[in-house]
Amino acid sequence: MKNQLQGIALILFAGMLMLYAPLSPWLPILGSLPSDLISLVGLAFAIAGLVRCFKKED
């Protein structure tokens, strides 16, 4: 159960990052690279969360 809860937390954090990237007022000043990087980091967290959710417990 602990792995599933950690996976859900990672998925929710990834969703927050992906929603933050296009809405941040600072990102247009810095260019599109930070926005793309935040989206990729969010995707990595989502994948890690899915792996944690479906990982078998010992």
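Above this text is the structure in question.
Cut-offs used in this document
- Residues numbered from 1 in each chain as written.
- Predicted model: local features only at pLDDT ≥ 70, side-chain atom pairs only at ≥ 80, totals over all residues.
- Heavy atoms only, no water.
- Patch = residues over 30% accessible without salt bridge, like charges linked within 9 Å, V, L, I, M, F, W, Y side chains within 5 Å.
- Areas by Shrake-Rupley, 256 points an atom, 1.4 Å probe, with all protein chains shown as cover.
- Salt bridge = Lys/Arg side-chain N within 4 Å of Asp/Glu carboxyl O.
- Helix = DSSP H or I, 4+ residues; strand = E, 2+ residues; numbered from the N terminus.
- Buried < 20%, exposed > 50% of the residue type's maximum accessible area, 1.4 Å probe, protein only.

S.K.: I would appreciate a short explanation of a nonpolar patch on the surface in the present structure.
M.R.: On the surface, M18, L40, L43, I47 and V51 cluster together into a nonpolar patch covering about 460 Å² of accessible area. Per-element accounting of the nonpolar patch gives the leading share, 4 residues, to helix α3 (residues 33-54). Along the polypeptide, L43 turns up in helix α3. By relative accessible area, L43 is classed as partly exposed at 41%.

S.K.: It is not clear to me how the environment of I8 should be interpreted in this structure. Could you clarify?
M.R.: Mapped onto the elements of the fold, I8 is located in helix α1 (residues 2-23). Put simply, I8 and A46 are 38 residues apart on the chain and 8.9 Å apart in space, counted from C-alpha to C-alpha.

S.K.: Looking at this structure, how should I read the environment of A21?
M.R.: Locating A21 in the fold gives a position in helix α1. Along the backbone, A21 and L37 are 16 residues apart, and their C-alpha atoms lie at a distance of 8.8 Å.

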